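Commentary on secondary and tertiary structure
Spelled out, the chains give:
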Amino acid sequence: MAGGKKKGPTSSKKNKSRGKKNNGTGGSSNTKKPIPLEEVLSQAESAMEMSDVNSALQLFSYASGVLRSRVTSSGSDAISNGNSNNVTNANDQDMATLSSVLGKMGELKASNGDVEGARTDFLDAIELLGPSRTTSIGSFSEKKVAVEEGECNINMARNSESRAGYHLYLGQLSSGNEALTSFRVGVTELERSVHILERVCAGSSGDGTNGMDIEGCEEMMGQVNLNQLLVETRRQLCAAYCSIAELYLTDLCEEPDAESSCETAIESALEIDGVSSAGFIAANGNHDSQVGPPRPDALQTMANFRLSQSRVPEALEHILKAYDRMKVGCEAMSALVGLGNDGSGKEEVEMETKSRELVELDAASSLPEYNFRCQTAKIMLECASLLENGSHDTKNQCAESAIQVLGSLLSENDEVIEVWYLLGCAFMACTPPNLESANYYWETALTMLTKAKESLEESIGDGANDDDGFSENELEAIECQIIEVKKKLGKSEEDDDENEEDEDMEDS
């Protein structure tokens, strides 16, 4: 009976609780509310920045599911709603957000080695952006893009830029003519975006817009400097042309028109680079810190191309110009590992000033990516090796510049064996050769290679690797590298055998 008395009031409370829930004014304290989509996306972005690929993928995947449901639901509402403008606008916004989410999922999957998954996400992202309104006029080399008068607004420029980015990613995941097709579509979309932004910038500065629609300009002006947006889009376009050129230097090098097509793409990149350089100079004159210095992509690609043609002086000219754009940052980082350029006493005093430190910090943070700088050093060293009968000063300039670039890489990551090896080569390329420093870096590279070999041999011996012979191929590659470094050091297998015998005798 006592138990029954307790159950009565409890049952009554539950009924009241249910009543409140049904009336929409309350609910059970145990009911979890769904996390807002904005918070999920914020967490996903943070995980992506922290290189937590799996967490970022899970969060973006959840967000894509929510957004797909919204898009489907909004589409149904738009069909049944007589006045569907608001529904359509919300649907467009969700589709744009979903496209962005899928694009980021594609990036993450590509970094995880899931090429097909990444390709699917990029294609879906492109489809969500709607059909392209871009029309090319004439041949690819003429670079003309048709843009309707009513299409010149910021939103369309950003739409073309997003679509271009996905096509360029698809190009990186492909090879040969398939990659070329993707790169060319990306270039065309970026040309359109640049064309729109140039006209919008002209209109917003009071130069007249010929009656074009600049919808979205007011919104963007409060968020992003239009000139900076234009500069960044031009940089992307320049890099896209360089990607096409690199394709003709590698996958498509046997094509009948490879050389002429490569040169055409590089000349287009250099033309954009010239505009960017002029814009940077003008921005500096106007004290506009939002416009950064132009990247060295086009100059370095031309240097690589001229080397392939055995036109060494021209290659040297372009690679040194490319280095000039990253010199301050490279020297600042190189100094952190004891490889800073000695320079003159006056230069050392200047480096001690606070303003100089701020300039170097900014320059170091805006350096090109690791692999790009590694390629810069390789081109410099190749130029130096081909200048045997040339000026000693020029050869030395190549070697010393390569040391600064490699020093910046060593400061960023001192576990890359190739950088240690190349530093040895750079010191030997100096005039006169710095044998002591060269041997130091080569010896370090040899020690690292030996440890890597021992670790891989142990892994293979334990049967831990089931990778269809990949580990054996990697071991063979390491052994070849060891032989190459030993040649540089003047060592032989016999020397190693004698050293091993001496160590055995000492142990006994």
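1. Side note on the state of the cysteines
- Going through the model one piece at a time under the given rule, you end up with zero disulfides.
- The thiol of Cys-262 is unpaired, and the distance to the nearest cysteine sulfur, on Cys-242, comes to 9.6 Å.
- Residue Cys-262 is classed as buried on the basis of its relative accessible area of 1%.

2. Some remarks on unusual backbone geometry
- Going from Thr-431 to Pro-432, the amide bond is cis rather than trans, its omega being -5°.
- By the element assignment, Pro-432 lies in the loop between α18 (417-428) and α19 (435-461).
- Phi at Ser-51 is positive, roughly 60°, even though this residue is not glycine.
- Looking at where Ser-51 falls in the secondary structure, it is placed in the loop between α2 (37-49) and α3 (53-80).
- Its relative accessible area of 60% is what places Ser-51 among the exposed residues.

3. What about the nonpolar core?
- Grouped together as the largest cluster of nonpolar side chains are 55 residues, with contacts concentrated most on Ile-319, Cys-383, Leu-406 and Leu-423.
- Elements with a minimum of two residues in this core: α11 (297-308), α12 (312-324), α13 (327-335), α16 (370-385), α17 (392-412), α18, α19 and α20 (470-489).
- When residues in this core are grouped by element, the largest group, nine residues, is from α16.
- Residues in contact with Leu-406, not counting those within four places in the same chain, are Ala-377, Val-419, Leu-422, Leu-423 and Ala-426.
- Counting residues in each nonpolar core, the second largest holds 37 residues, with Met-156, Val-187, Val-200 and Leu-226 among its members.

4. Structural notes on the packing of aromatic side chains
- Counted under the stated rule, the structure contains six aromatic pairs.
- When the ring of Trp-420 is compared with that of Tyr-440, the centres are 6.3 Å apart and the planes differ by 65°; the resulting orientation is edge-to-face. Pair noted here: Trp-420 is in helix α18 and Tyr-440 is in helix α19, with a separation of 20 residues, a long-range link.
- By relative accessible area, Trp-420 is classed as buried at 10%.
- Given a relative accessible area of 49%, Tyr-440 falls into the partly exposed group.
- Between Trp-420 and Tyr-441, the aromatic rings sit 5.5 Å apart at their centres with planes inclined by 40°, giving tilted as the arrangement. With Trp-420 in helix α18 and Tyr-441 in helix α19, this residue pair connects regions lying 21 residues apart in the sequence. Note on accessibility: Trp-420 and Tyr-441 belong to one class, buried.
- Members of the aromatic cluster, each reached through a chain of ring pairs, are Trp-420, Phe-427, Tyr-440 and Tyr-441.
- Just above the ring of Phe-372 sits the side chain of Arg-295; from NZ or CZ to the centre is 5.9 Å.

About the thresholds
Counting restarts for each chain, with residues numbered from 1 along the sequence as it is written. Thresholds applied to this predicted model are a pLDDT of at least 70 for local features of residues and 80 or more for the giving and counting of side-chain atom pairs; totals over whole chains, interfaces and linings are not thresholded and use all residues. The side-chain numbers reported here are obtained from all heavy atoms of the structure, hydrogens and water having been left aside. The definition used for a disulfide is geometric: two cysteine sulfur atoms within 2.5 Å. The buried label goes to any residue with under 20% of its type's maximum accessible area, the exposed label to any with over 50%, and the partly exposed label to all in between, with areas taken from a 1.4 Å probe on protein chains only. Runs of E in the DSSP output that reach at least two residues are strands. Runs of H or I that reach at least four are helices, and both are numbered from the N terminus. Grouping buried Ala, Val, Leu, Ile, Met, Phe, Trp, Tyr and Cys residues that are joined through side-chain atoms within 4.5 Å yields what is termed a nonpolar core. By the convention used here, residues are in contact when the closest approach between their heavy atoms is within 4.5 Å. Put simply, two rings from Phe, Tyr or Trp (the six-membered ring, in Trp's case) pair if the centres are within 6.5 Å, and we call them stacked under 30 degrees between planes, edge-to-face over 60, tilted for the rest. Only Lys NZ and Arg CZ are tested; either one counts as a charge over a ring when it is within 6 Å of the ring centre and within 35 degrees of the ring normal.

Everything listed is a geometric property; what it means functionally is a separate question.
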